[in-house]
Amino acid sequence: ILLAFQPGPVEEIRAVGAPVLTPWYDIAQARIQFAGGCVANLTASRVSEAPSRTIRLFQRDAAITMDYHTRQGTISRAHHPTEGASGIETEPLTGGDGEPLKLELESFIRSVVTGAPPVVSGEDGTAALELAHRILGAIEEFLRRLHHA
């Protein structure tokens, strides 16, 4: 999802992760800085009490929040009336009816069966996998530094 915004080349990745209930990373957090100035903070957890699939985007004039589970969100913008107090205007967002991950998998299956192009291309999948491997490398580097300190 992050790479779909085309933030440009990755400049720096800082990441941490920890095994909590299994021998693998059960929780991880990454900060990715892109050459164009975009900064992404990602958190993934298999041990959180409540499942969450939320994206929050911040830009100069707005904040956008979208919950992929409920497919509901908001766009919040600063409101500066000519007179009176400033405030925040919030506009609701509603996603489609289908569950996004299921729709992506159905698109892939349809592509295999019919030859139609998938929603997520092989190149997009490869780029996401490469970024995931770079995040894992950053976690491992953090843990090496931590154990040698």
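Parameters at a glance
Note that residues are indexed from 1 along each chain, following the sequence as it is written. In view of the model being predicted, local features appear only for residues whose pLDDT reaches at least 70, and side-chain atom pairs are presented and counted only at 80 or more, with totals across whole chains, interfaces and linings using the full set of residues. By convention in this description, side-chain values take in all heavy atoms of the structure and omit both hydrogens and water. Note on conventions: DSSP H or I runs of at least 4 residues are helices, E runs of at least 2 residues are strands, and numbering of each starts at the N terminus. Multiplying 1.5 Å by the residue count of a helix minus one yields the expected span of that helix. Working rule for contacts: check all heavy atoms of both residues, and any pair within 4.5 Å makes them a contact. Any two strands with at least two DSSP bridges between them are considered paired. Here an angle of 0 to 180 degrees is reported between the N-to-C directions of two axes, which are lines fitted to C-alpha atoms, with helices fitted over the stretch in contact. Note on exposure labels: buried denotes an accessible area under 20% of the residue type's maximum, exposed denotes more than 50%, and partly exposed covers the range between, all computed with a 1.4 Å probe on protein chains only. Whenever two N or O atoms come within 3.5 Å, that pair is a polar contact, provided that in protein one can donate a hydrogen and the other can accept it, and provided that, for residues adjacent in sequence, both atoms are side-chain atoms. The salt bridge criterion pairs a side-chain nitrogen of Lys or Arg with a carboxyl oxygen of Asp or Glu, the two atoms within 4 Å.

(A) Quick look at helix α2 (residues 122–148). Counted at 1.5 Å a residue, the expected span for α2 with its 27 residues is 39 Å, and the 39 Å between its end C-alpha atoms agrees. On its buried face, α2 is in contact with β1 (10–18), β2 (27–34) and β3 (39–45).

(B) Here's a closer look at the sheet that holds β2. With antiparallel pairing, the three strands of this open sheet are ordered in space as β1-β2-β3. Edge positions in the sheet fall to β1 and β3, since each has one partner strand and no second. Adjacent strand axes in the sheet meet at a mean angle of 10° when their direction is disregarded. Inspection of the sheet shows β2 paired to β3 by seven bridges, in the antiparallel sense. Looking at the pairing, Q29 lines up with T43 of β3. Seen against the sheet, α2 touches β1, β2 and β3 and runs at an angle of roughly 60° to β1.

(C) Highlighting the pairing of β2. Bridge count for β1 against β2 is eight bridges, and the pairing is antiparallel. When the sheet's bridge partners are listed, R14 is paired in β2 with R31. Connecting β2 to the next strand, β3, in antiparallel fashion are four residues, including G37 with a positive phi near 105°.

(D) Geometry of helix α1 (residues 100–114). End to end, α1 covers 21 Å across 15 residues, agreeing with the expected 21 Å (1.5 Å per residue, within 8%). Downstream of α1 by a residue or two, G115 has a phi angle that is positive, lying close to 85°.

(E) Just the environment of E99, in detail. Tracing the backbone through its elements, the reader meets E99 in the loop between β7 (87–94) and α1. Residue classification places E99 among the partly exposed residues on the basis of a relative accessible area of 27%. Linking E99 and Y68, residues 31 residues apart in sequence, is a C-alpha distance of 8.0 Å. The residues contacting E99, other than those within four sequence positions of it, are R53 and R71. A polar contact is formed between the side chain of E99 and the side chain of R53, at a distance of 2.8 Å.

(F) Layout of the sheet that holds β7. With antiparallel pairing, four strands are arranged side by side in an open sheet as β4-β5-β6-β7. Sheet topology places β4 (54–59) and β7 at the edges, where each strand pairs with a single neighbour. Ignoring which end each strand starts from, the neighbouring axes of this sheet average 15° apart. Across six bridges, strand β5 (residues 62–67) lies against strand β6 (residues 72–79) in antiparallel orientation. Within β6, the position partnered with I64 by the bridge is I75.

(G) How the structure looks around the pattern of salt bridges. By the definition in use, this model includes seven salt bridges. Of the charged contacts, one joins E12 and R14 as a salt bridge, the two residues approaching to 3.8 Å between their closest N and O atoms. One salt bridge in this structure joins E141 and R144, with 3.0 Å as the shortest N-O distance. A residue pair is termed a helical-turn pair when its members lie 3 or 4 positions apart in one helix, as E141 and R144 do in helix α2 at three residues. Classification of E141 by relative accessible area gives partly exposed; the value is 32%. Here the residues in one salt-bridge network are E141, R144 and R145, joined through shared partners.

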